[in-house]
Every structure is written in structure tokens, then in C-alpha cells.
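Survey of secondary and tertiary structure
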Amino acid sequence: MPNYTFSVNGKSVTVDAPADLPLLWALRDKLGVRGPKYGCGINVCKACTSHLDGEAINPCVTPVSDVAGKEVTTIEGLADGDKLHPVQEAWLEQDVAQCGYCQPGQIMAAVALLKKTKNPTDADIDKIENVCRCGSYFRIREAIKSAAAKM
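Throughout what follows, the structure given in this document is the object of discussion.

Cut-offs used in this document
- Residues numbered from 1 in each chain as written.
- Predicted model: local features only at pLDDT ≥ 70, side-chain atom pairs only at ≥ 80, totals over all residues.
- Heavy atoms only, no water.
- Helix = DSSP H or I, 4+ residues; strand = E, 2+ residues; numbered from the N terminus.
- Rg over C-alpha atoms; globule rule 2.2 N^0.38 Å.
- Buried < 20%, exposed > 50% of the residue type's maximum accessible area, 1.4 Å probe, protein only.
- Contact = heavy atoms within 4.5 Å.
- Areas by Shrake-Rupley, 256 points an atom, 1.4 Å probe, with all protein chains shown as cover.
- Lys, Arg positive; Asp, Glu negative; His and termini not counted.
- Charge placed at Lys NZ, Arg CZ, Asp CG, Glu CD.
- Pairing = 2+ DSSP bridges.
- Phe/Tyr/Trp six-rings, centres within 6.5 Å; stacked < 30°, edge-to-face > 60°.

When you go through the protein residue by residue, the secondary structure sums to five helices and five strands. Mapped in sequence order, the helices and strands of the protein form the string β-β-α-β-β-β-α-α-α-α. Over its C-alpha atoms the protein spans a radius of gyration of 15 Å, differing by no more than 12% from the 15 Å that the globule rule assigns to 151 residues. Along the first, second and third principal axes, the C-alpha set of the protein runs to 45 × 30 × 25 Å. For the protein, buried positions account for 46% of its 151 residues. Residue pairs at least 24 apart in sequence account for 56% of intrachain contacts in the protein once pairs closer than 6 positions are excluded. Here the protein has roughly 7,700 Å² of accessible surface; of this, 51% comes from carbon and sulfur atoms. Separation of charge centres in the protein, based on 17 positive and 18 negative side chains, amounts to 2 Å.

Put into C-alpha cells, the structure is as follows:
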């Protein structure tokens, strides 16, 4: 099998995997990165949302061969040591999580949105397609607005 070298949360990694192995499985099974969650495997729920070179992606449908030489950031890579990212802080302040399963993906989608849109409208936030089975969308919206105000 071929080897693919890329960066995960600032650290260079190499995985031995088939070219079509979804990045999610390389992260979780080969590298032990557990933040991105498996939900659907077909880019619908977006529980696995992570960033590739700063852009939101869904590792469940991204072949590991597509990330060679690139930077992958997962929820584990957002904080700066003990200092949480402003979106993570807002999530705690707004008490967003219920079951918590989708929250890493939700946070990563929110961070990607705020990189592009400094003061998102409700319509901008509604474009985030991550699914939350608990229905905490109102608190997610409030957390994104709170983080935007701090950033």
C-alpha cells in the first residue's frame, strides 16, 4: 500500500493506506484522532467536519490520497494549549451541547464560517448543513454570534 504524508493539527504524519481510504478512517483508526465523528459516511450529517488547508471538508468522503502534503485540522487542533478557540468558548458559554456527538463538526463548521464571514447573519448561519439530532440549533446560532462578536 502507498504511504501518504500530511499534517494533522500541526504535526507531520504518514499513513500506509489504500488511496481511496476515507480520511476519517485514517484519522480515527490509524492515527487515533477521535474528534471527527462517524455519522453517515456519505457527506450528509457532517459530524466529521474538519478543515483541509483552512477550508471545511468532510473526511468521510475525502480520500486520504487527496490530503497528501496538506494540513488537516480537527477539533483537537483548535485550542492553543489550554486557551480555547473563541468558538469553543462560546459553545461552553451558551451551553450548546446536549448529547455532544455532532458538536466537534458543528464547531469546525462555525470556525470555517467565521473565517469567511466576520458578522454572519441568520441566513449565513443557516447555510451550515451540519445535523444536530438533539435540535440545539438555537444555541448553536447564539454561540456563533457570540464568538463573532469576540473575534
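Here the focus is the pairing of strand 2 (residues 11–16). Relative to strand 2, strand 1 (residues 3–8) is paired through six bridges, and the arrangement is antiparallel. Each bridged residue has a counterpart across the sheet, and for Ser-7 the counterpart in strand 2 is Ser-12. Where strand 1 hands over to strand 2, the hairpin turn is made up of two residues, of which Asn-9 adopts a positive phi near 50 degrees.

Below, the discussion takes up the packing of aromatic side chains. The full count for this structure, using the stated rule, is one aromatic pair. When the ring of Trp-25 is compared with that of Tyr-38, the centres are 5.1 Å apart and the planes differ by 35 degrees; the resulting orientation is tilted. You can see Trp-25 sitting in helix 1 (residues 23–30) and its partner Tyr-38 sitting in the loop between helix 1 and strand 3 (50–52), a full 13 residues away along the chain. For Trp-25, a relative accessible area of 27% corresponds to the partly exposed category.

Purely spatial values, then, with no claim about function.
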